[in-house]
Amino acid sequence: MNAAELQSSLVASFRRLEQEQNHRPWSPHHPLRRRALEAFQQLGFPTTRHEDWKYTSLAPVLRYPYRVELPPLPEPAALGAQLPALHGMPPVQLWLLNGLAHPEQLPAQVRFASFQTAGDSVPVGHILPVDSETFVALNTAFAPDVAVLSWRGHVPELCHVAVVTAPHGEPQLAHPRLSITVEPHARAHLLVGFHTAGQAPCLTNFVAEVSLAEHAQLDLVLWQTDPHDTFLITTIGVELARSARLRVWTVALGGALLRNNLYIRLVGPGADAQLFGATMVTGRQVIDHRTLVEHRVEQCTSNQLYKSVAEQEGTVTFTGRIHVYPGAQKTNAYQSHRALLLSPKATVNARPQLEIYADDVRCTHGATTGALDEDALFYLRSRGIPESRARALLLHAFVHEALELLPEEQLRQRADELIAERAHLPAESLS
Amino acid sequence: MEPILIIRNLRVAIEGREILRGVNLEVRPGEVHAIMGPNGSGKSTLAAVLAGREEYEVLEGTVLFEGKNLLEMEPEERARAGLFLAFQYPVEIPGVTMATFLRTALNEIRKVRGLEPLDPVAFLKLARERMEWVDIDPSFLQRSVNEGFSGGEKKRNEIFQLLLLEPRLAILDETDSGLDIDALKIVASGVNRMRSPERAFVVITHYQRLLNYIIPDFVHVLYDGRIVRSGGKELALELEERGYDWLRPDSEEVILPTVDER
């Protein structure tokens, strides 16, 4: 199968699903789905000739005849035990199983809704236009459900959403979708973990639209540590109103090919967005981060710190765009991607992109790619630490910097352990 | 007593330039040797080669550490065998805490000494005690190695590591540079506390000042890659007074036989 064949097979699946609805509207968003499908047909799958996909070829992803129809769903209760990546993690409060929402015990101040319960009041496409990009269009066309979470007041408790794609004997394409609202002055802590259960190839095409009202705060952790050779594409759009505050940590360690699109729109003065990424690739893993931070109004701040390590034949790509609109004076925007290239066959691509249309701004970016610091290595060895252990300590320290501000102790520790494991550092040496 | 360290005719180059041009030195347990010399004479090169820096090329000569060929050992093996270098420029390592670093190092060294590894609690107890000896706040254990330390704190931190790791032979590479008199006294008292009949020190310094507090048994002058003069502690005072020029190989003054030829 190739991209064109997959495209027509998906269009055929869409028609079939429409018919199965027996001419009843397929969710309140049926017209929107149709528009999205048309957009998908027009856009097609991106190739490396597409500027935004210059370094990441989807050819290895698009060669499977994915099924989009929902396979028989596993029991969420049984899944917990089946997913080793959930060990040592907080309990799951909401499952998105092949895109279908299964709420468990959610914190009291977090309201939950979905297609099944809320019908057409579920917002779709308000942050990410349905026809803007292939994978957003595809998700809009096929998402079997939209899980809506809204926070009111200060909720210190972490909310854990597990996105699970569970194939049933054949390649599966899943379209999980979240819609998140944090109401004025509310504070939210959200963990979204991505997993697969089953052996067949999987492509998870995740979309989330996030709206932060005035003075709202969201800490969002994206947990991408799936040990399987799976494919994951995430597109998250966040809009921040006046004085809203967003922090995102992306822990990207697992999967065969991973692409994260993180689009931040600062639309109210005083809004602040902080993006952090910890990435490690090995084998032939490909992890591609794309960020876009739009400073649409004055007096907003943004900061991006991504730390990446590429080993063996792995590839890390970081494309970070900061767009300062006319009139967005007093903008303060910073971006940094720092990478360690540990093998001659590994690749790091870093592209900072700045577009600045205001004159009273502070905007800086930096991208470095290098090897481990030989002086530091020698210093550690000169105290009796074996070279392999010294390297592991330095690697761990390098990546950990991106997670230093992560407030949840449990997550920070678990991430630390996973990073240590990848760096071949025994866990007991973390103290 | 058998020497801990025997250096014979050591010739070392970096980037094709010969820096050490035939160094001879013997150090026995209990002794403190000072190596003095002008800038560029090869003092720090000697320290770096002994600790195992790889960018130096050994052209000729041997170095025996407790009878073993030191030059064939990896830097970490040298440390585990009991060699310690106090760095002239201690390296900052963001993200690695002092506690993690030193507990890992100490346990590696304890392993070869046939001792059980220290758990975090026992380690903290020992570390706090030794930090007090050189007036370092225990909170430094939770800080990244040398990161944001002042010049004096970095040097005291080197001596703290010396106190913790208890080597057989410690080489101090210009530990006095950039220290005020109070810090110098703290560093010296740390070193003096560690002096024992089993342990030896090689103190590399440009100035005589440190040697007022760490009294050496022998003073050697390294000049242009060779030890051109050796004597007792009074040689340091003479150097302080007269500088190094009179020791230039082409100087008219007679070069006396060195202690190495005793």
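Residues numbered from 1 in each chain as written. Chains lettered and ligands numbered in written order. Predicted model: local features only at pLDDT ≥ 70, side-chain atom pairs only at ≥ 80, totals over all residues. Heavy atoms only, no water.

1. A few points about the overall build of chain B
Filter applied, for reference: Only DSSP runs of H or I covering at least 4 residues are called helices, and only runs of E covering at least 2 are called strands; the numbering of each starts at the N terminus. Radius of gyration means the value over C-alpha atoms here, while the globule rule gives 2.2 Å times the residue count to the 0.38 power. Burial here depends on accessible area, computed with a 1.4 Å probe over protein chains only, as a share of the maximum for the residue type. Under 20% is buried, over 50% is exposed, and the range in between is partly exposed. Every residue pair with non-hydrogen atoms within 4.5 Å of one another is taken to be in contact. Accessible areas in this description were obtained via Shrake-Rupley with a 1.4 Å probe; residue shielding takes into account the shown protein chains only.
If you tally the helices and strands in chain B, you get seven helices and twelve strands. Relative to its length of 262 residues, chain B is compact, with a C-alpha radius of gyration of 18 Å against a globular reference of 18 Å. Across the 262 residues of chain B, 56% fall into the buried class. Sequence-distant contacts, at least 24 apart, represent 69% of the contacts inside chain B between residues at least 6 apart. For chain B, the exposed area adds up to about 11,500 Å²; of that, 47% sits on carbon and sulfur atoms.

2. Description of the pattern of salt bridges
A pair can form between side chains of opposite charge whenever their charged atoms are brought close. Our working rule: Salt bridges are defined as contacts in which a side-chain nitrogen from Lys or Arg sits within 4 Å of a carboxyl oxygen from Asp or Glu.
Under the counting rule described, the total for this entry stands at 43 salt bridges over all chains. Across the pair Glu158(B) and Arg383(A) runs a salt bridge, and its minimum N-O distance is 2.7 Å. Placement of the pair is Glu158(B) in helix α5 (residues 151-165) and Arg383(A) in the loop between α6 (374-381) and α7 (387-400), with the two residues belonging to separate chains. Of the two residues examined, Glu158(B) and Arg383(A), each falls in the buried class. Residues Arg130(B) and Glu166(B) are paired through a salt bridge, measuring 2.9 Å at the closest nitrogen-oxygen approach. Of this pair, Arg130(B) sits in helix α4 (residues 120-133) while Glu166(B) is found in the loop between α5 and β9 (169-173), placing the two residues 36 residues apart along the sequence. Beyond isolated ion pairs, a larger network of salt bridges with shared partners links Arg381(A), Glu387(A), Arg391(A), Glu54(B), Glu74(B) and Glu76(B).

3. Notes on the domain arrangement of chain A
Residue and element names in this part refer to chain A. To keep things clear, this is the line we draw: Note that the domain bounds were set by an automatic or database domain assignment. Summed over both partners, buried area is the accessible surface (1.4 Å probe) that two parts give up on being assembled. Residues were grouped as follows: Ala, Val, Leu, Ile, Met, Phe, Trp, Tyr, Cys and Pro as nonpolar; Asp, Glu, Lys and Arg as charged; and all remaining residues, including Gly, as polar.
Domains assigned within chain A are domain 1 (3-268) and domain 2 (375-431). One C-alpha centre belongs to domain 1, the other to domain 2; they are set 32 Å apart. The interface is formed by 15 residues belonging to domain 1 together with 13 residues belonging to domain 2. Overall, the association of domain 1 and domain 2 removes approximately 1,200 Å² of surface from exposure, summing both partners, and the carbon and sulfur fraction of that is 69%. Considering only the surface of domain 1 that becomes buried against domain 2, Trp223, Trp249 and Leu253 emerge as the three largest contributors, covering 45% of it. In this assembly, domain 1 and domain 2 are joined by zero salt bridges. Elements with a minimum of two residues in the side of domain 1 that touches domain 2: β8 (187-196), β10 (217-224) and β12 (245-252). Of the residues contributing to the side of domain 1 that touches domain 2, the split by class is nine nonpolar, four polar and two charged.

4. Here we look at the side chain of Arg265(A)
Residue and element names in this part refer to chain A. Tracing the backbone shows arginine 265 in strand β13 (residues 257-266). Given a relative accessible area of 16%, arginine 265 falls into the buried group. Here arginine 265 is in contact with Ile127, Val238, Glu239, Leu240, Glu294 and Arg296, once residues within four sequence places are set aside.

5. Description of the packing of helix α1 (residues 3-20) of chain A against helix α5 (residues 134-142) of chain A
Residues and elements named next belong to chain A. Which entries qualify depends on this criterion: Between N-to-C directions, angles cover 0 to 180 degrees, with each direction set by a line fitted to C-alpha atoms, over the stretch in contact for helices. If an angle is under 35 degrees, it is roughly parallel; if it is over 145, roughly antiparallel; if it lies from 65 to 115, roughly perpendicular; otherwise it is oblique. Working rule for handedness: look at the near helix, and if it is turned counterclockwise from the far one by less than a right angle, call the crossing left-handed; if clockwise, right-handed.
At their nearest, the axes of α1 and α5 sit 11 Å apart, and the two run at 25 degrees to each other. As summarised for this structure, α1 and α5 are arranged roughly parallel, according to the angle between their axes. Relative to α5, the crossing made by α1 is left-handed. For the pair formed by α1 and α5, the contact residues are Leu10, Ser13, Phe14 and Leu17 on the first element and Leu138, Ala141 and Phe142 on the second. Residue classes in the contact of α1 with α5 are distributed as six nonpolar, one polar and no charged.

6. Concerning the pairing of β12(A)
Residues and elements named next belong to chain A. The following threshold applies: Being paired, for any two strands, means DSSP has found at least two bridges between them.
With seven of its eight residues buried, β12 lies for the most part within the structure. In this structure, β10 lies alongside β12, joined through eight bridges in parallel fashion. Paired with glutamine 217 across the two strands is arginine 245, which belongs to β12. Pairing between β12 and strand β14 (residues 272-281): eight bridges, direction parallel. Each bridged residue has a counterpart across the sheet, and for leucine 246 the counterpart in β14 is alanine 273.

7. Quick word on the sheet that holds strand β3 (residues 32-36) of chain B
Residues and elements named next belong to chain B. Strand order in the open sheet formed by six strands is β6-β9-β10-β3-β11-β12, and the pairing between neighbours is mixed. The sheet is open, and its two borders are formed by β6 (83-86) and β12 (226-231), each paired with just one other strand. Along the sheet, successive strands turn relative to each other by an average axial angle of 20 degrees, direction set aside. Both β9 and strand β10 (residues 200-205) contribute to a ladder of five bridges, which runs parallel. Directly across from leucine 169, in β10, lies its bridge partner alanine 200. Strand contacts of α5: β6, β9 and β10, with the helix running at about 165 degrees to β6, the strand carrying the most contacts.

8. Description of the interface of chain A and chain B
Condition: Counted as a polar contact is a pair of N or O atoms within 3.5 Å, where, for protein atoms, one must be capable of donating a hydrogen and the other of accepting one, and residues adjacent in sequence contribute only when both atoms are in side chains.
Taken together, the 19 residues of chain A in the interface contact 33 residues of chain B. Carbon and sulfur atoms make up 60% of the surface buried where chain A meets chain B, a total of about 2,200 Å² over both sides. Per-residue buried area on chain A facing chain B is highest for Phe378(A), Tyr379(A) and Arg383(A); these three make up 36% of the total on that side. Among the ionic pairs, Arg53(B) bridges to Asp375(A), the shortest N-O distance being 2.9 Å. If you look at where chain A meets chain B, you find eleven residue pairs in polar contact (both at pLDDT 80 or more). Of all the secondary-structure elements, those providing two or more residues to the side of chain A that touches chain B are α6 and α7 of chain A. Considering every element that reaches the side of chain A that touches chain B, the biggest residue donor is α6(A), with six residues. For the side of chain A that touches chain B, a count of residues per class yields nine nonpolar, four polar and six charged.

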